[in-house]
Amino acid sequence: MSNFAKPENALKRAEELIAVGQKQEALQTLHNLITSKRYRAWQKTLERIMFKYVELCVEMRRGRFAKDGLIQYRIVCQQVNVNSLEEVIKHFMHLSTEKAEQARTQAQALEEALDVDDLEADKRPEDLMLSYVSGEKGKDRSDRELVTPWFKFLWETYRTVLEILRNNSKLEALYAMTAHRAFQFCKQYKRTTEFRRLCEIIRNHLANLNKYRDQRDRPDLTAPESLQMYLETRFEQLKVATELELWQEAFRSVEDIHGLMCMVKKTPKASLLVVYYAKLTEVFWISSSYLYHAYAWFKLFNLQKSFNKNLSQRDLQLVASAVVLAALAVPPYDARRASHVELENEKERNLRMSNLIGFNLDPKAESREVLSRAALLSELVSKGVLSCATQEVKDIYHLLEHEFLPVDLGAKVQPLLTRISKLGGKLATISSLQEVQLSKYIPALEKLATLRLLRQVSQVYSTMRIESLSRMIPFFDFAVVERISVHAVKHKFIAMKVDHMKSVVMFGDALLESDGLQDHLAVFAESLNKARSMIYPSAKKSSKLSDILPALGETVDKEHKRLLARKSIIEKRKEEQERQLLEMEREQESKRLSEQKRTEEQEQKRLAAEYERLKNQRILREIEERELEEAQAFLEETEKRSKKKSKKGVVEGEKVTKQSLMERALNEQLRERQESEKKLQKLAKTMDHLERAKREEAAPLIEAAFQQRLVEEKALHEREQQLEVEQSRQRHDGDLKEKNRLIRMLDNKMIFQERVIARRQAEFDQRQAAREARINQIIQTRRQEREIQRKKIFYIKTEQERLARLKEEEEARKREEAERRRKEEAEHKAKLDEIAEKQRQRERELEEKERLRREALLGPRPAAATEVPVGAPVAAAAVPVAAAAAPAATGGAVAPQKYVPKFRRGGGAENPPPARQQAPPSDTDRWSSGGGGRARPGAPPEATDRWTPGGARQDPDRRGSGGGPADTWRRGGGSSSGGGSSASGSGTWSSSRR
């Protein structure tokens, strides 16, 4: 694992590896950087690294690496910059989708393209052999080789992203978008198995979200935005399930939606409920649950009528007709269960269905209504649904539910069914329903008409011939009627028997006949009373009605106005209530957000305080765990290699160290090796004795078998040789006869052969010429392409050479310029050195003259140092250089407080350097370490020398930032104290380059 000081270095290293084709090493380098605990602070460079990392993962189809990297990056930027994680995930999904589409396009292009080496051959032999052996077409193979791996990687991408975002409240929108894209992927490519897995994954995520409520970044389902996104995801899942015809998953999606709303105790919007009931009708119809199908239609009708303000009259009529026909399609008898367990299961199922259909968020068993066909039909009549249906639907409802026509029922129902089958079409004002087709209810209505006819016939007749009953039922053959009647008898809807020997149908038993007769007489009496009232109407009743009619119109108008006013009041109250609910929700949301922000701040402070405390403990624990894991892995590997486990295992609670486990493993290996060696020695000895005994017993038997085999093979050889001679003679005679018979056809054969050869030669020459022309054309085209390519390469090479030449000329010019400047500086330095040397020579001469003058005036001086009185001038206290240097020149001892200049240390006694004349004190002398100025002898007053703290002074005229030459005055053993200054010794001028 490479350690990089900065993340930018790792990114640069990865790009270099990619440039030389080592993508695996580049991916491993970035993976080590991302998973390292060293870089846990988010920065912009990490985002660029993640972009490059996911690009490599997609290009190499490494889903596991991508998942690990995204998990580590989520830890890094969860609390700092979660938008960066969102951008990386979007880029990851975009690349995966793009690669999958490219693979699909490439597979289609490969199927259409002609890519062969031989222009005269249609297919290669290996392709033909592969197609015959595998039994699949070229498209199937190209899909398996190109498309399927990328589709698998895209599916793995969706699963990885959903797993990473499953409990992140800040990326709920990205989670919903990923789920929608995964649904569309399953829908587009008909991936039913992956769709089931995807539904299960999302279902488990919601279950875990509800189970672990103490997570820090857990999404809040009570928030309207979060709830809306989760609901939209579930409804999209329901739509895709119905389009893929996965009805079991569609029903589970319906249960998921209901469970989600029960969890948050809120009813979804009307637009979502319309989609909910529309899909529920399809699911119940496919599952043959006609009663629940009818109730779902009824709920859908009520929603459309209440909330759809743009509902047209035609669409309302179609939906109402569908509701009525769905209710009529329900069988008129209930499925009766025999055992107690079946009854309990049926009861539980009815409770579940009633909850799903009624959308009860907090259902109670005692207040739940019972779903039945009779209750549904009565409710349709009372709520006015039947009045909104078409006239054909009304007529068939009255015929099947209220009329008693045992003979003419089938003849009157059939034309109505024919007209109903033509009704239906697309709905313009209902977005959730594309179209309504009433023809699908025709088989159920025919079955209901058959049951009603059999029920009415059984009340009138006791016996009837099969031919007569078949004429009365024009919908089905008698075999179908018999099968329908069997189910009806099983559920005790009718009582009948079929006697095929006598070709008759017998209706009813003793109990049913007595009840039917009594009911029949009551119906007959009611019919007679109704007929009498129609023939002889009552005059008194009509007069009363005529008296009431004028007041009745006014009453109806008043009632109508009162109902309209009441309706407007109810609408206003509803609007006011909705407005108040919205305000309450906004207030609750603002309070929740402020509370959440305060909680997050407290949590961040707590985490910051706890981080330092846990850091050392975590490091120590990781080291111990790593060592223990290595030792345990070594012990397990040793036990796997051994034939049996160690008798002495690790006792729970025992302090296990790496050293103890290693010693135990080595002892176990040594013991097993000794045991195996003993077993091998014993086995080798046993096998040796056994093999020797077997060979001694088998030797005579093998010899006898060999002699017998020699005799048999000799006899067989003689027989086969005789047979071969006889067959050769016969074949030779037959060949001679055939030759004599066919020799007369030799001339014709030669003529035909020459004609065929000539025709084939001409055809071959023609094809060869065409092939050569085609090949020459291809060669010419390729030659032109190569010429163009060579010209391009030559132009590029020439341009590169020109640029390199210009660059070399520029570098040469710069070198010449630098050399010229260096020469000028050297000449300037030489001139300055010469001037300095002349100046020093003049100073030495002046000092020598001054010394001689003083010796002539004062006479010889003692070697000891002379005390200078306080307040004496500096010039009077100066000691001549010759007196200080005389002992050094003669080899005598030098006083410890005397300073010997550098030019005197190397010189001999016979050539002593001249002493320097002490300059008179002036206002420009500054001997302190802070830096002052002193004028050189013979120099103008403004040219002052600057003293450096180290005892050197610099000429301001000779200083420069470019490192030019400068004159330096090096002071010898000078001393200064207080405000005054005193000096002893001497100084010299030297030229140096700063």
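Just so you know, these numbers come straight off a predicted model, no measurement behind them.

## What about the overall build of the protein chain?
Phase 1 of the analysis: Looking only at helices and strands, one finds 28 helices and twelve strands in the protein chain.
Phase 2 of the analysis: Within the span of the protein chain, comprising 994 residues, buried residues form 30% of the whole.
Phase 3 of the analysis: Sequence-distant contacts in the protein chain: of pairs separated by 6 or more residues, those separated by 24 or more amount to 67%.
Phase 4 of the analysis: With an accessible surface of roughly 66,400 Å², the protein chain has 53% of that area assigned to carbon and sulfur atoms.

## Side note on the packing of helix α14 (residues 313-328) against helix α16 (residues 373-382)
Phase 1 of the analysis: For the pair α14 and α16, the least separation of the axes is 10 Å and the interaxial angle reads 155°. Relative to α16, the element α14 lies roughly antiparallel. Crossing geometry of α14 relative to α16 is assigned as left-handed. In contact with Val323, Val324, Ala327 and Leu328 of α14, α16 contributes Arg373, Leu376, Leu377 and Leu380.
Phase 2 of the analysis: In the contact of α14 with α16, the residues fall into seven nonpolar, no polar and one charged.

## A closer look at empty space enclosed by the protein
Phase 1 of the analysis: With the rule as written, the count across this model stands at six cavities of 30 Å³ or more.
Phase 2 of the analysis: Within this model, the second largest cavity holds a volume of roughly 60 Å³.
Phase 3 of the analysis: Lining the second largest cavity are Leu165, Arg166, Asn168, Glu172, Tyr175, Ala176, Pro219, Met229, Tyr230 and Thr233.
Phase 4 of the analysis: For the lining of the second largest cavity, the secondary-structure elements that each account for two or more residues are α8 (172-188) and α10 (224-243).
Phase 5 of the analysis: Of the residues in the lining of the second largest cavity, the class split is six nonpolar, two polar and two charged.

## Points about the packing of helix α3 (residues 44-60) against helix α4 (residues 63-77)
Phase 1 of the analysis: Two elements in contact, α3 and α4, have axes whose closest approach is 10 Å; the angle formed by their N-to-C orientations is 165°. The angle between the axes of α3 and α4 places the two elements in the roughly antiparallel class. As α3 packs across α4, the resulting crossing turns out to be left-handed. Between α3 and α4, the residues in contact are Leu46, Glu47, Met50, Tyr53 and Cys57 and Phe65, Ala66, Gly69, Leu70, Tyr73 and Val76, respectively.
Phase 2 of the analysis: Of the residues assigned to the contact of α3 with α4, the class counts are nine nonpolar, one polar and one charged.

## Points about a negative patch on the surface
Phase 1 of the analysis: Residues Glu624, Glu625, Glu627 and Glu629 make up a contiguous surface patch of negative charge.
Phase 2 of the analysis: Residue position: Glu624 is located in helix α24 (residues 539-641).

## Examining the pairing of strand β4 (residues 496-499)
Phase 1 of the analysis: Here four bridges tie β4 to strand β5 (residues 504-507), and the two strands are oriented antiparallel to one another. Across the sheet, residue Met496 finds its bridge partner in β5, namely Phe507.
Phase 2 of the analysis: Here β4 folds back onto β5 in antiparallel fashion, the turn holding four residues, of which Ser503 has a positive phi close to 60°.

## A look at the packing of aromatic side chains
Phase 1 of the analysis: By the definition in use, this model includes 14 aromatic pairs.
Phase 2 of the analysis: Judged by centre distance (5.1 Å) and plane angle (70°), the rings of Trp285 and Tyr441 are edge-to-face. Here Trp285 is found in helix α12 (residues 270-286), whereas its partner Tyr441 is found in the loop between β2 (435-437) and α20 (442-460), with 156 residues between them in sequence. The residues Trp285 and Tyr441 share a single accessibility class, namely buried.
Phase 3 of the analysis: The rings of Phe151, Tyr158, Phe185 and Tyr189 are connected pair by pair, giving a single aromatic cluster.

## Brief notes about the layout of surface pockets
Phase 1 of the analysis: When its volume is computed, the largest pocket comes out at roughly 1,500 Å³.
Phase 2 of the analysis: Pro268, Lys269, Ala270, Phe307 and Glu578 are, among the 33 residues lining the largest pocket, the residues nearest its centre.
Phase 3 of the analysis: At the level of secondary structure, the elements contributing two or more residues to the lining of the largest pocket comprise α10, α12, α13 (290-307) and α24.
Phase 4 of the analysis: In terms of residues, the lining of the largest pocket owes the most to one element, α24, which gives 16 residues.
Phase 5 of the analysis: When the residues that make up the lining of the largest pocket are grouped by side-chain class, the tally is 13 nonpolar, six polar and 14 charged.

## With respect to the pairing of β5
Phase 1 of the analysis: For strand β3 (residues 463-465) and β5, the ladder comprises three bridges, and the chain directions are antiparallel. What sits directly across from Thr463, in β5, is Met506.

## Digging into the side chain of Glu589
Phase 1 of the analysis: Note that Glu589 resides in helix α24.
Phase 2 of the analysis: Residue classification places Glu589 among the buried positions, given a relative accessible area of 14%.
Phase 3 of the analysis: A polar contact of 2.5 Å, which involves the side chain of Glu589, links it to the side chain of Arg592.
Phase 4 of the analysis: Apart from the residues lying within four places of it in its own chain, the contact partners of Glu589 are Ala223, Pro224 and Glu225.

## Structural notes on the nonpolar core
Phase 1 of the analysis: One finds Phe195, Trp297, Leu325, Leu328, Ile396, Val413 and Tyr441 to be the most contacted residues of the largest nonpolar core, which totals 165 residues.
Phase 2 of the analysis: Excluding anything up to four places from it in sequence, Leu325 contacts Val393, Ile396, Ile420, Leu438, Tyr441 and Leu445.

## Let's talk about the side chain of Glu172
Phase 1 of the analysis: In this fold, Glu172 is placed in helix α8.
Phase 2 of the analysis: No salt bridge is formed by the buried Glu172, whose closest oppositely charged neighbour, Arg592, lies at an N-O distance of 7.9 Å.
Phase 3 of the analysis: Of note is the side chain of Glu172, whose polar atom sits 2.6 Å from the side chain of Ser226.
Phase 4 of the analysis: Leave out the neighbours within four places in its chain, and Glu172 touches Pro219, Asp220, Ser226 and Met229.

## Looking at the pattern of salt bridges
Phase 1 of the analysis: Across all of its chains, the model carries 50 salt bridges by this definition.
Phase 2 of the analysis: Put simply, Lys90 and Glu86 hold a salt bridge, and the shortest N to O gap is 3.3 Å. Linking Lys90 with Glu86, this pair stays in helix α5 (residues 82-112), spanning four residues, or about one helical turn.
Phase 3 of the analysis: What makes Glu86 buried here is its relative accessible area of 19%.
Phase 4 of the analysis: Here Glu576 and Arg579 are joined by a salt bridge, their closest N and O atoms 2.2 Å apart. Here the residue Glu576 and the residue Arg579 both occupy positions in helix α24, the gap between them amounting to three residues, near one helical turn.
Phase 5 of the analysis: Taking relative accessible area as the criterion, Glu576 reaches 34% and is therefore assigned partly exposed.

## A short note on the environment of Tyr53
Phase 1 of the analysis: Tracing the sequence through the fold places Tyr53 in helix α3.
Phase 2 of the analysis: Between the C-alpha atoms of Tyr53 and Phe92, which are 39 residues apart in sequence, the distance is 9.5 Å.
Phase 3 of the analysis: Beyond its immediate chain neighbours, meaning those up to four positions away, Tyr53 contacts Leu27, Leu30, His31, Ile34, Phe65, Ala66 and Gly69.

## Examining the confidence of the model for the protein chain
Phase 1 of the analysis: Averaged over all residues, the pLDDT of the protein chain is 76; the fraction at 70 or higher stands at 75%.
Phase 2 of the analysis: Predicted confidence in the protein chain is weakest over strand β11 (residues 981-983), with a mean pLDDT of 36, and strongest over helix α26 (residues 746-858), with 93.
Phase 3 of the analysis: Across residues 510-516, where pLDDT falls below 50, the model places three contacts with residues more than four positions away in sequence or in other chains.
Phase 4 of the analysis: Between residues 906-994, whose pLDDT stays under 50, and residues either more than four places distant or in other chains, the model counts 156 contacts.

## Digging into unusual backbone geometry
Phase 1 of the analysis: Not every positive phi belongs to a glycine, and Glu245 is a case in point at roughly 60°.
Phase 2 of the analysis: Tracing the backbone shows Glu245 in the loop between α10 and α11 (247-264).
Phase 3 of the analysis: Among the residues examined, Glu245 registers a relative accessible area of 57% and is labelled exposed.
Phase 4 of the analysis: Not every positive phi belongs to a glycine, and Ser288 is a case in point at roughly 60°.
Phase 5 of the analysis: Of the residues examined, Ser288 reaches a relative accessible area of 44% and is grouped as partly exposed.

Scoring rules and cut-offs
- All residue numbers here refer to positions counted from 1 along the written sequence of the relevant chain.
- It should be noted that, the model being predicted, local features are given only for residues of pLDDT at least 70 and side-chain atom pairs only at 80 or more, the latter also being counted only at that level, while totals for whole chains, interfaces and linings use all residues.
- Values shown for side chains rest on all heavy atoms present in the structure; no hydrogens or waters enter the calculation.
- Comment: elements are numbered from the N terminus, with helices defined as DSSP H or I runs of at least four residues and strands as E runs of at least two.
- A 1.4 Å probe rolled over the protein chains alone gives each residue an accessible area, and that area as a share of the maximum for its type sets the label: buried under 20%, exposed over 50%, partly exposed in between.
- The contact criterion used is simple: two residues touch if any of their non-hydrogen atoms lie within 4.5 Å.
- Where accessible areas are quoted, they stem from the Shrake-Rupley method and a 1.4 Å probe; at the residue level, only the protein chains shown are allowed to cover.
- Axes here mean lines fitted to C-alpha atoms, for a helix over just the part in contact, with angles spanning 0 to 180 degrees between N-to-C directions.
- If an angle is under 35 degrees, it is roughly parallel; if it is over 145, roughly antiparallel; if it lies from 65 to 115, roughly perpendicular; otherwise it is oblique.
- With the far helix as reference, a near helix turned anticlockwise by less than a right angle produces a left-handed crossing, and one turned clockwise produces a right-handed crossing.
- When residues are sorted by character, Ala, Val, Leu, Ile, Met, Phe, Trp, Tyr, Cys and Pro go into the nonpolar class, Asp, Glu, Lys and Arg into the charged class, and all the rest, Gly among them, into the polar class.
- Space inside and on the surface of the protein is sampled on a 1 Å grid over the protein atoms alone, with a cavity defined as a set of points where a 1.4 Å probe fits but cannot get out and a pocket as an open set with protein on both sides within 12 Å along at least 5 of 7 lines; lining residues have an atom within 4 Å of a point.
- Grid points are joined across faces, edges and corners, and a volume is the space filled by probe spheres set on the points.
- A residue counts toward a patch only above 30% relative accessible area and without a salt bridge, and it is joined to like-charged neighbours within 9 Å or, for Val, Leu, Ile, Met, Phe, Trp and Tyr, to nonpolar neighbours within 5 Å.
- Just to be clear on terms, a salt bridge is a Lys or Arg side-chain nitrogen sitting within 4 Å of an Asp or Glu carboxyl oxygen.
- We count Lys and Arg on the positive side and Asp and Glu on the negative side, and we leave His and both chain ends out.
- To locate a charge, take atom NZ for lysine, CZ for arginine, CG for aspartate or CD for glutamate.
- At least two DSSP bridges between two strands are needed for those strands to be called paired.
- Under the pairing criterion, centres of Phe, Tyr and Trp rings, with the six-membered ring standing for Trp, must be within 6.5 Å; the plane angle then separates stacked pairs below 30 degrees from edge-to-face pairs above 60, leaving the rest tilted.
- As used in this structure description, the phrase polar contact means that two N or O atoms lie within 3.5 Å; if the pair is within protein, one of them must be able to donate a hydrogen and the other to accept it, and residues adjacent in sequence are counted only when both atoms belong to side chains.
- For this analysis, a nonpolar core means a set of buried residues of the types Ala, Val, Leu, Ile, Met, Phe, Trp, Tyr and Cys, connected via side-chain atoms within 4.5 Å.
- On a scale of 0 to 100, pLDDT captures the predictor's confidence in every residue.

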